[in-house]
Amino acid sequence: MPPILQRLQQATKMSRRKILLLVLGCSTLSLLIHQGAQLSWYPKLFPLSCPPLQDSPPRPKHMTVAFLKTHKTAGTTVQNILFRFAERHNLTVALPHPSCEHQFCYPRNFSAHFVHPATRPPHVLASHLRFDRAELQRLMPPGTVYVTILREPAAMFESLFSYYNQYCPAFRRVPNASLEAFLRAPEAYYRAGEHFAMFAHNTLAYDLGGDNERSPRDDAAYLAGLIRQVEEVFSLVMIAEYFDESLVLLRRLLAWDLDDVLYARLNARAASSRLAAIPAALARAARTWNALDAGLYDHFNATFWRRVASAGRACVEREARELREARERLLRRCFGDEPVLRPAAQIRTKQLQPWQPSRKVDIMGYDLPSGRAGPATEACLKLAMPEVQYSSYLLRKQKRRGGMRLRPEPVLDNPPPRPIRALRPGH
């Protein structure tokens, strides 16, 4: 035994076998760390502040996740987290068939037939769909963890009204595109059953597979039943207003590291395209019109905070703070010392230009500093890649992995497809 190991044995009174195992373990760890630095998109930025309870053995990372991506709830940012995790671990991501564009033929009820064959069987699902429990369970493997995210209904409705103003007939009918005018008399503009009507009434309930025309004032039992169905399936309902705390709970649920849930904010509107603050009277009117969504949100907001309390509120808040700090470091590393969201017209990197729903709404994004290349740049590119481009990229990659013949891909300079597609008559 070398002299340094002899001295270590004398100092610690460990057996020769334990000394050798310790050295071997340290060497292996060093090798793994070195390989991680080569293969990882970015290094681990901080340790975990909230370890599992001492009587809980460490769990491997959970690899099968279905995320119900609801509309205008920060779902695109969660989707990007899941896409990047899947890439790092070589997992298959369920992606829509081209006839569905980049959503699973929303607003139709989800069907496993909407999933591209090159992306089956999947480990991860995160694109827009209308929830159908039986079809999803037919597609996803046993043990899949289901999660979703909700947003306060008044803020969500303001975002829906702005974003889908050119697509939803109920919104187009409103003079001067006035949210206040719509909420003053929504029945004057809304027509149940017409194309994209779900964007104008109880969108959360519709996305969750519910009947968005039901009113809890007339049928309280329906809301209670919908809540019960959601609780039976979803292991975690995240809350958009407490996004970082939600990610802490997500990583604990899935036994992921905090650096697995680092993110850049995606699909955000410019300040000029949104209300700085929703007046109280307008917020009340929005919640009254979307009473089913309000009931869902209020219930799951309360259960969210009970879950935070169970995990240890101080612990969750500490992790959320560390997550924000590490996120800021990562954004500076990727996008410069003063990373800022930019209008699409100012983003030179075509793969990072977000889709614009109309001339009246500016969607912001990040751009890469010029003159960079290499694995770190690729990681930063994925961190800020919009949904349409990332979905197309993953589909091409998974086709190649499956040995499928690739068709010529569209040039990214062209506008991406519309975010929603009209239904043919009779569908």
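Residues numbered from 1 in each chain as written. Predicted model: local features only at pLDDT ≥ 70, side-chain atom pairs only at ≥ 80, totals over all residues. Heavy atoms only, no water.

Q: I'd like a description of the overall build of the protein chain, backed by residues and values.
A: In terms of helices and strands, the protein chain carries 15 helices and seven strands. The proportion of buried residues among the 427 residues of the protein chain is 52%. In the protein chain, the proportion of contacts linking residues at least 24 apart, taken out of those at least 6 apart, comes to 74%. Roughly 20,900 Å² of accessible area belongs to the protein chain as shown, and the carbon and sulfur atoms make up 54% of that amount. (Helix = DSSP H or I, 4+ residues; strand = E, 2+ residues; numbered from the N terminus. Buried < 20%, exposed > 50% of the residue type's maximum accessible area, 1.4 Å probe, protein only. Contact = heavy atoms within 4.5 Å. Areas by Shrake-Rupley, 256 points an atom, 1.4 Å probe, with all protein chains shown as cover.)

Q: I'd like a rundown of the packing of helix α5 (residues 153-163) against helix α11 (residues 280-289), residues and numbers included.
A: Running from amino to carboxyl end, α5 crosses α11 at an angle of 90°, the nearest separation of the two axes being 8 Å. Classified by the angle their axes make, α5 and α11 are roughly perpendicular. Touching P153, A154 and F157 of α5 are A283, A286, R287 and W289, all from α11. Classifying every residue of the contact of α5 with α11 by side-chain character gives six nonpolar, no polar and one charged. (Axes fitted to C-alpha atoms, helices over the stretch in contact; angles between N-to-C directions. Parallel < 35°, antiparallel > 145°, perpendicular 65-115°, else oblique. Nonpolar A, V, L, I, M, F, W, Y, C, P; charged D, E, K, R; others polar.)

Q: If you had to explain the confidence of the model for the protein chain to someone new, which residues and values would you point to?
A: For the protein chain, mean pLDDT is 85; residues scoring 70 or higher make up 80% of the total. Across residues 19-47 the pLDDT falls below 50, and counting only partners more than four positions away or on other chains, this stretch makes 38 contacts in the model. Confidence drops under pLDDT 50 across residues 408-427; counting only partners more than four residues distant or on other chains, this segment forms 36 contacts. (pLDDT = per-residue confidence, 0-100.)

Q: Describe the sheet that holds strand β3 (residues 124-125), listing the residues and the values that go with them.
A: One key point about sheets: their strands pair by backbone hydrogen bonds, in either a parallel or an antiparallel sense. Overall, parallel pairing links the five strands, which are arranged β2-β3-β1-β4-β5 in an open sheet. Across the chains shown, the open sheet's two edge strands, defined by having one partner strand only, are β2 (93-94) and β5 (236-239). The strands that helix α3 (residues 75-88) touches are β1 (65-68), β2, β3, β4 (145-150) and β5; relative to β1, the one it contacts most, it runs at about 165°. (Pairing = 2+ DSSP bridges.)

Q: Please give an account of the pattern of salt bridges that cites residues and values.
A: All told, the structure shown has 20 salt bridges when counted by the stated rule. Between D244 and R324 there is a salt bridge, and its shortest N-O distance comes to 3.2 Å. With D244 in helix α10 (residues 243-254) and R324 in helix α13 (residues 313-335), this pair connects stretches of sequence that are 80 residues apart. Residues joined in a network through salt bridges with shared partners are K61, R88, D257 and D260. (Salt bridge = Lys/Arg side-chain N within 4 Å of Asp/Glu carboxyl O.)

Q: How would you summarise the nonpolar core if you had to cite specific residues and measurements?
A: In globular proteins that are soluble, nonpolar side chains generally tend to be buried together. With 120 residues, the main nonpolar core has F110, L125, F182, F234 and L247 as its most contacted residues. No other element matches α13, which puts eight residues into this core. Aside from chain neighbours lying at most four places away, what touches F234 is L68, F131, Y146, V147, T148 and L208. (Core = buried A, V, L, I, M, F, W, Y, C linked by side-chain atoms within 4.5 Å.)

Q: Summarise the pairing of β4; cite the residues concerned and give the values.
A: In terms of burial, β4 is a largely internal element, six of the six residues being buried. The alternating pattern of β4 places V145, V147 and I149 on one face and Y146, T148 and L150 on the opposite face, and all of these are buried. As defined by bridge partners, β1 adjoins β4 across four bridges and the pair is classed as parallel. Bridge pairing in β4 links F67 to V147. When β4 meets β5, the two strands line up parallel, connected through four bridges.

Q: Describe the environment of K397, naming the residues involved and giving the relevant values.
A: By the element assignment, K397 lies in helix α15 (residues 387-401). Owing to a relative accessible area of 29%, K397 belongs among the partly exposed residues under this scheme. For the pair formed by K397 and E87, sequence separation is 310 residues and the distance between their alpha carbons is 9.9 Å.

Q: Can you explain α13? Please cite residues and give values.
A: The periodicity of an α-helix, 3.6 residues per turn, causes residues three or four positions apart to be oriented the same way. A rise of 1.5 Å per residue sets the reference length of α13, with its 23 residues, at 33 Å; its end C-alpha atoms lie 32 Å apart and thus fit the reference within 8%. By the burial criterion, the buried members of α13 are C315, V316, E319, A320, E322, L323, A326, R327, L330, L331, C334 and F335. Following α13 by one or two positions, G336 adopts a phi angle in the positive range, close to 105°. (Expected span 1.5 Å × (residues − 1).)

Q: Account for helix α9 (residues 220-233), with residues named and values stated.
A: Taking 1.5 Å per residue, 14 residues should reach 20 Å; α9 reaches 21 Å between its end C-alpha atoms and fits that length. Those residues of α9 that fall on the buried side of the exposure criterion are Y222, L223, G225, L226, I227, V230 and V233. Packing partners of the buried residues in α9 comprise α4 (133-139), β4, α8 (203-207), β5 and α12 (291-311).

Q: Explain the state of the cysteines to me, and be specific about the residues and the numbers.
A: Applying the stated criterion across every chain yields a total of two disulfides. Shown here is the disulfide that connects C100 with C105, its sulfur atoms set 1.9 Å apart. Its S-S torsion of approximately -80° makes the covalent link between C100 and C105 left-handed. Note on accessibility: C100 and C105 belong to one class, buried. A disulfide bridge connects C334 with C380, and the sulfur atoms are separated by 2.0 Å. Taking the sign of the torsion about the S-S bond as the criterion, the disulfide between C334 and C380, at about -75°, is left-handed. Taken together, the positions of C334 in helix α13 and C380 in helix α14 (residues 375-383) put the pair 46 residues apart, joining distant regions of the chain. Judged by relative accessible area, which is 6%, C380 ranks as buried. (Disulfide = S-S within 2.5 Å.)

Q: Explain the environment of S370 to me, using residue names and the numbers behind them.
A: Structurally, S370 is set in the loop between β7 (364-365) and α14. According to the relative accessible area criterion, S370 is exposed, its value standing at 63%. Residues S370 and R348 lie 22 residues apart in sequence; the distance between their C-alpha atoms is 9.0 Å.

Q: How would you sum up unusual backbone geometry? Please name residues and give values.
A: Cis rather than trans, the peptide bond between Y106 and P107 has omega equal to 15°. By the secondary structure assignment, P107 is in the loop between β2 and β3. Looking along the chain, the bond that leaves R120 and enters P121 is cis, with omega of -10°. Tracing the backbone through its elements, the reader meets P121 in the loop between β2 and β3. If you check the backbone angles, K72 has positive phi at about 60° while not being a glycine. For K72, the location among the structural elements is in the loop between β1 and α3. By relative accessible area, K72 is classed as buried at 12%.

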